[in-house]
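Below, each chain spelled out in residue letters.
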Amino acid sequence: MAPGSEPVKSSNPPPRTKGRSQSRASQSSRPVPFYLPLNTTLYIFLISNCIAAALAPIQDCDEVFNFWEPAHYLDHGYGLQTWEYSPVYSIRSWLYVSGHALVGKIVSLFSSNSKATEFYVIRFVLAAICAACETRLYSAICRTLNPRIGLLFLIIIAFSPGMFHASAAFLPSSFTMYTSMLGLTSFLDWRGGHKLARGVMWFGLGAIVGWPFAGALILPLLLEEIIIGFLSGSFWPVCKSIVGGIVRCLAILTIEVGVDYVFFQKFAIVPWNIVAYNIFGGEGKGPDIFGTEPWTFYVRNLLLNFNIWFVFAVSAAPILTLQAAFRSQSTNIQTLLRTITLITPFYMWLAIFTLQPHKEERFMYPVYPFLALNAAISFHMILSYIGSSNPKDIVGRVSPKLKLTVVMSLILVAINAGLLRTLGMITAYNAPLKVLEPLAQTGMAQPGDSVCFGKEWYRFPSSYFLPNGLRAKFIKSEFRGLLPGEFPDATSYSSLIVGTSQIPSGMNDRNEEDLSKYVDISQCSYLVDSYFPGHAVTELEPDFFHEESEWETVSCKEFLDASQTSLLGRLIWVPDLPLIPARFRRSWGQYCLLKRRDVTPASN
């Protein structure tokens, strides 16, 4: 139960008398304030997530090279391979990738003309799964906390740019976000008996198949259950439920180890390998070699992705403290302790990852539902206070209409800020998902042709956007790290297993450059490159866009020139209209697919 709220009764009353039963039935049929029916909620989440699946740019090259490319290899027998999939290191699980590849394979049976269709269907499936998890958690919040908290949770989740990025991403951190929502639902949902074992299983599933560090989110919830069990005399039943959940997790781990054994042809416990590399990697290894960020990184990032909701999420504990100190009549001990448990995972996760030098936006994905819940609880407590009509309180003397206007204005500002940020991201960075479309035209590309990437290697949207027979290659640029190699071509299941279990050459876990990953530009039939006026040209990154004697333009899409765009234009969508001062408008470069002039397309 949330502070300052009344419990939501969901159980049916016993039929003691006919009149009393009818009276209670009529009461239960009345609309609950702030509560949206679950079918409506599901539709809202589906629409929000499906828009993300259709339009969201790929935020992280790890999503492409570590997940989309291995899935493409399982579906089509070729693809790019990172060092993480070398049996020497084996820190990526084939179980996670296989589920997505299965969806793509089924789609390919019905749509053989365009592999991009497989890409988008996989995304839409992820969007639907995320919507189902969001709806389950919304339902549990409304039943066990308060419908108003549930409605605020819905608004935050459906309209925040952070969820737009995370909801349909092919990333373990998104998968653990799904399982964390189901795990939290189990800890909240007491209908039909205690769901502790199921909650442990869901968090365990996310940690084993997705990302092992996400298992930390269960700790505050589990600690509360143990303490309550000890104080209430039901400690051993609680322990039994926890053990039951652990047994389920061990079964999941057994399946993962079995699947990975098939692909790696060796025994590997991938979750442990991930932990070992990231924590015990040793000098010259570990995540820090891929870049570090200041402690303010997540503060800035979460403000961008959740705007004022992040402020409310961080404010949950101080507001709860103030309410407990000055409005103790509306907060009992049980409610206080329960709320502390629910808001703790967000603080714990933010603190842990703020202390880590290596930071990435996707590391926050698992905690997004907890952030939304914290913000919803925080805002609910504020509404409980300002909703007072007690003339002894200053806020009680304020006009209800004025208070409603202020509250609705704040919510609308948050929603619109999120939508403007989302629209800004789509219009600014969506070009890599569109520029390769002409290659699907009949006669454009020939089997054996190569599409090369130089300085734009990290924006490659995956081989799903290249027609069959067309391969992605890399040319030398100013980048000095380790690029992906290629899985051995596979034409059958047995050759596929040979490819995944073969130790690739030129791989290392120190991000050291391997020159064998590059091809000479003379081998490139097509080239993907960008042009930004004013950007420096180097010997390794020349201005291919204007080398018209060598390259002709097949297609170009606008891409935001962040270095020439004001802070406002980088943060949100700004229309390119004459009434907008020039200093606030967005500046654009070109993201282009170029074709070598001596490449002659085949006749139809």
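Above this text you will find the structure in question.
Just so it is clear, the model here is predicted, and its values are computed rather than measured.

Colleague: So what exactly am I meant to see when it comes to the overall build of the protein here?
Modeller: Scanning the protein for helices and strands turns up 19 helices and seven strands. Taken over C-alpha atoms, the radius of gyration comes to 27 Å for the protein, in line with the 25 Å a tight globule of 604 residues would show. Overall size of the protein, expressed as C-alpha extent along the three principal axes, is 85 × 65 × 50 Å. Within the span of the protein, comprising 604 residues, buried residues form 51% of the whole. Counting only contacts in the protein whose residues sit at least 6 apart along the sequence, the fraction spanning at least 24 positions is 78%.

Colleague: Just checking my understanding: could you explain the pairing of strand β7 (residues 588–596) for this structure?
Modeller: Regular strands have side chains that alternate between both faces of the sheet. In terms of burial, β7 is largely enclosed, as seven of its nine residues are buried. Pairing geometry for strand β5 (residues 526–531) and β7, over six bridges, is antiparallel. Looking across to β7, one finds that S530 is bridged to Y591.

Colleague: I'm lost on the side chain of H72 in this one. Help?
Modeller: Relative to the assigned elements, H72 resides in helix α3 (residues 61–76). The buried category is assigned to H72, whose relative accessible area is 0%. In this structure H72 touches G77, Y78, G79, K115, S463 and Y464, once residues within four positions along its chain are discounted.

Colleague: Got a minute to help me understand the packing of aromatic side chains in this structure?
Modeller: The geometry of an aromatic ring pair is captured by the separation of the ring centres together with the interplanar angle, meaning the angle of the planes. With the rule as written, the count across this model stands at 46 aromatic pairs. Ring centres of W68 and Y464 lie 5.7 Å apart, and the angle between their planes is 80°; on these two criteria the pair is classed as edge-to-face. Linking W68 in helix α3 with Y464 in the loop between β2 (450–453) and β3 (471–474), this pair joins segments that are 396 residues apart in sequence. Of the two residues, W68 and Y464, neither departs from the other in class, the shared state being buried. Ring plane angle 70° and centroid distance 5.4 Å describe the contact between F235 and W236, whose orientation is recorded as edge-to-face. For F235, a relative accessible area of 27% translates into the label partly exposed.

Colleague: Can you walk me through helix α8 (residues 172–188) in this structure?
Modeller: Residues three or four positions apart in an α-helix share a direction because the helix packs 3.6 residues into each turn. Compared with the 24 Å implied by 1.5 Å per residue over 17 residues, the 24 Å span of α8 between its first and last C-alpha is a close match. Most of α8 is tucked away, with 17 of its 17 residues classed as buried.

Colleague: So what exactly am I meant to see when it comes to the nonpolar core here?
Modeller: It is characteristic of soluble globular proteins that their nonpolar side chains tend to be buried jointly. Counting residues in hydrophobic clusters, the biggest one holds 141 residues, and the most contacted among them are F306, W309, M364, Y368, L436, L439 and V451. The greatest single-element share of this core, amounting to 13 residues, is contributed by helix α5 (residues 115–144). The residues contacting V451, other than those within four sequence positions of it, are L436, L439, L466, L470, R471, A472, K473, Y526, V528 and L593. Judged by nonpolar contacts, the second largest core, of nine residues, contains V519, C524, W551 and C592.

Colleague: What is the right way to read the state of the cysteines from this model?
Modeller: Simply put, the disulfide is a covalent bond whose two ends are the sulfur atoms of two cysteines. This model, assessed by the stated rule, comprises two disulfides. At a sulfur-sulfur separation of 1.9 Å, the disulfide partner of C452 is C524. A torsion of -90° about the S-S bond marks the disulfide between C452 and C524 as left-handed. Of this pair, C452 sits in strand β2 while C524 sits in the loop between α18 (493–501) and β5, and the two are 72 residues apart along the sequence. Note on C524: relative accessible area 2%, which makes it buried. Disulfide pairing is shown between C556 and C592; the S-S distance is 1.9 Å.

Colleague: It is not clear to me how the packing of helix α14 (residues 316–326) against helix α16 (residues 368–386) should be interpreted in this structure. Could you clarify?
Modeller: Helix packing for two helices is described by the angle between their axes and how far apart those axes are. Direction vectors running N to C along α14 and α16 enclose 35°, while the axes themselves pass 9 Å from each other. Judged by the twist between their axes, the crossing of α14 over α16 is left-handed. For the pair α14 and α16, contact is made by A316, I319, L320 and Q323 and by N374, S378, M381 and I382, respectively. Per-class residue counts for the contact of α14 with α16 are five nonpolar, three polar and no charged.

Colleague: How should I be thinking about unusual backbone geometry in this particular structure?
Modeller: In most cases, non-glycine residues show a negative phi, while peptide bonds are predominantly trans. Look at S90: it is not a glycine, yet its phi comes out positive at around 40°. Here S90 is to be found in the loop between β1 (80–81) and α4 (94–110). One non-glycine residue, N511, lies in positive phi territory at about 60°. Considering the arrangement of structural elements, one finds N511 in the loop between α18 and β5.

Parameters and conventions
Position numbers for residues start from 1 in each chain and track the written sequence from start to end. Local features in a predicted model are, by the rule used here, given only for residues with pLDDT of at least 70; side-chain atom pairs are given and counted only at 80 or more, and totals for whole chains, interfaces and linings are based on all residues. The side-chain numbers reported here are obtained from all heavy atoms of the structure, hydrogens and water having been left aside. In this text, helices come from DSSP runs of H or I with a minimum length of four residues, and strands from runs of E with a minimum of two, each type numbered from the N-terminal end. Radius of gyration: over C-alpha atoms. The globule rule applied is 2.2 Å multiplied by the number of residues raised to the 0.38 power. Buried, partly exposed and exposed residues are distinguished by accessible area as a fraction of the type maximum, computed with a 1.4 Å probe on protein chains only: under 20%, between the cut-offs, and over 50%, respectively. The contact rule is simple, with two residues in contact once any of their heavy atoms fall within 4.5 Å. Strand pairing is defined by DSSP finding a minimum of two bridges between the two strands. Stacked, tilted and edge-to-face pairs are distinguished by plane angle, under 30 degrees for stacked and over 60 for edge-to-face with tilted covering the rest, among Phe, Tyr and Trp rings (Trp via its six-membered ring) whose centres lie within 6.5 Å. Expected helix span is taken as 1.5 Å per residue step, with the number of steps being one fewer than the number of residues. Side-chain atoms within 4.5 Å link the members of a nonpolar core, which is a set of buried Ala, Val, Leu, Ile, Met, Phe, Trp, Tyr and Cys residues. Note on terminology: disulfide denotes any pair of cysteine sulfur atoms within 2.5 Å. The angle between two axes is taken between their N-to-C directions and runs from 0 to 180 degrees, where each axis is a line fitted to C-alpha atoms and a helix contributes only its stretch in contact. Handedness of each helix crossing follows the sense of rotation of the near helix against the far helix: counterclockwise by less than a right angle gives left-handed, clockwise gives right-handed. Residues were grouped as follows: Ala, Val, Leu, Ile, Met, Phe, Trp, Tyr, Cys and Pro as nonpolar; Asp, Glu, Lys and Arg as charged; and all remaining residues, including Gly, as polar.

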